[in-house]
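In case you want the letters, here they are:
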Amino acid sequence: MSSLSLSAILTIVDEATRPLKGIQKESQRLTDAFREQSKELKQLKRSQNDIESFKRLKSSLKDTSQNLAIAKKATERLTREHAALPKVTKAMTRELERAQKSVEKLTHLKLNQTAQLKQNIAVLKQAGINTNQLRLHEKGLTDQIDAATQALKSQKAQLAQVQARQAAIAQAHANYEGASNFEAQIGSVAAQAAISAS
């Protein structure tokens, strides 16, 4: 069995492991890119959800404002009727109280919704979204989400291919090392047998 110098062995090892190192680097690069693309997609979807939340809140605020205006008119009407009558019944008093409570409740709700809407607008503005141009931003977001989703699928497929190659090379190295160890063991047994026979 011919002996090899240490430098020759190191050269062989380096040549054998070079493809695996290259694939490991490529795998890490794709993993990092996949992670960044996932973060970008999540942010885009978050902005899309913020827009939907803004639209729902704006619609709810509009309904609340309309209901509040109706409740105020009803309260004003009942107040005038009370003032015009010499004697007010308990039923009329209860009706006025209900109308006043409705106005109070709707006023409080409107204040809360207005505050939430302002907060929502601030979040959208921070994401670069102008609420006066929602349709334009929605279209842009949809296109960006589609592109990011496709890019993510492509990166995922590439990563799976690289990881499969990495696993195959690792298995080949394991098989090679196993065979080398077996060969070394056979050589050792043969050497011992030769010593014993002498």
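Residues numbered from 1 in each chain as written. Predicted model: local features only at pLDDT ≥ 70, side-chain atom pairs only at ≥ 80, totals over all residues. Heavy atoms only, no water.

**Section: the overall build of the chain**
Thinking step 1. The helix and strand tally for the chain stands at three helices and zero strands.
Thinking step 2. The order of helices and strands in the chain, counted from the N terminus, is α-α-α.
Thinking step 3. Taking as baseline every contact in the chain between residues at least 6 positions apart, the subset at least 24 positions apart corresponds to 83%.
Thinking step 4. Accessible surface computed for the chain: about 14,600 Å², of which carbon and sulfur atoms make up 56%. (Helix = DSSP H or I, 4+ residues; strand = E, 2+ residues; numbered from the N terminus. Contact = heavy atoms within 4.5 Å. Areas by Shrake-Rupley, 256 points an atom, 1.4 Å probe, with all protein chains shown as cover.)

**Things to note about the side chain of N120**
Thinking step 1. Within the secondary structure layout, N120 lies in helix α2 (residues 90-126).
Thinking step 2. Those residues in contact with N120 that sit more than four places away from it in its chain are D50, S53 and F54.

**With respect to the nonpolar core**
Thinking step 1. Counting 14 residues, the largest nonpolar core has I51 and I129 as its most contacted members.
Thinking step 2. Of all elements in the fold, only α1 (6-84), α2 and α3 (134-197) reach the threshold of two or more residues within this core.
Thinking step 3. The leading source of residues in this core is α1, at six residues.
Thinking step 4. Residues within four places of I51 in sequence aside, it is in contact with L124, I129, L134, E138 and L141. (Core = buried A, V, L, I, M, F, W, Y, C linked by side-chain atoms within 4.5 Å. Buried < 20%, exposed > 50% of the residue type's maximum accessible area, 1.4 Å probe, protein only.)

**Quick notes on the environment of Q48**
Thinking step 1. Mapped onto the fold, Q48 is located in helix α1.
Thinking step 2. In this structure, the C-alpha to C-alpha distance between Q48 and H137, residues 89 residues apart in sequence, is 9.1 Å.
Thinking step 3. Not counting chain neighbours up to four residues away, the residues in contact with Q48 comprise L141, T142 and I145.

**So, the environment of I121**
Thinking step 1. Mapped onto the fold, I121 is located in helix α2.
Thinking step 2. Along the backbone, I121 and I51 are 70 residues apart, and their C-alpha atoms lie at a distance of 9.0 Å.
Thinking step 3. If sequence neighbours within four positions are ignored, I121 has contacts with F54 and T131.

**Brief notes about the confidence of the model for the chain**
Thinking step 1. Mean pLDDT over the chain: 80, with 75% of residues reaching 70 or higher.
Thinking step 2. Here residues 182-198 scores under 50 on pLDDT; set against residues more than four positions off or in separate chains, the count is one contact. (pLDDT = per-residue confidence, 0-100.)

**Examining the side chain of Q37**
Thinking step 1. On the secondary structure map, Q37 appears in helix α1.
Thinking step 2. Every residue in contact with Q37, bar those within four places of it in the chain, is listed here: A148, A151, L152 and Q155.

**Observations regarding the pattern of salt bridges**
Here the idea is simple: oppositely charged side chains can pair when their charged atoms come close.
Thinking step 1. Evaluated as defined, the whole model comprises six salt bridges.
Thinking step 2. R35 is the salt-bridge partner of D32, the closest N and O atoms lying 3.1 Å from each other. You can see D32 and its partner R35 sitting in helix α1, three residues apart, about one turn around the helix.
Thinking step 3. Under the relative-accessibility criterion, R35 is labelled partly exposed at 45%.
Thinking step 4. Put simply, D143 and K139 hold a salt bridge, and the shortest N to O gap is 2.8 Å. Here K139 and D143 lie together in helix α3, a separation of four residues that amounts to about one turn. (Salt bridge = Lys/Arg side-chain N within 4 Å of Asp/Glu carboxyl O.)

**Examining α2**
Thinking step 1. Relative to the 54 Å expected for 37 residues at 1.5 Å per residue, α2 spans 54 Å between its end C-alpha atoms, a close match to the ideal helical length.
Thinking step 2. Burial in α2 covers these residues: M92, L96, A99, V103, L106, Q113, L117, N120 and L124.
Thinking step 3. Trailing α2 by a residue or two, G128 shows a phi angle of about 85°, which is positive. (Expected span 1.5 Å × (residues − 1).)

**What about the environment of L111?**
Thinking step 1. Assignment of secondary structure puts L111 in helix α2.
Thinking step 2. Judged by its relative accessible area of 57%, L111 falls in the exposed class.
Thinking step 3. Expressed as a C-alpha distance, the spacing of L111 and L61, which sit 50 residues apart in the sequence, is 9.3 Å.

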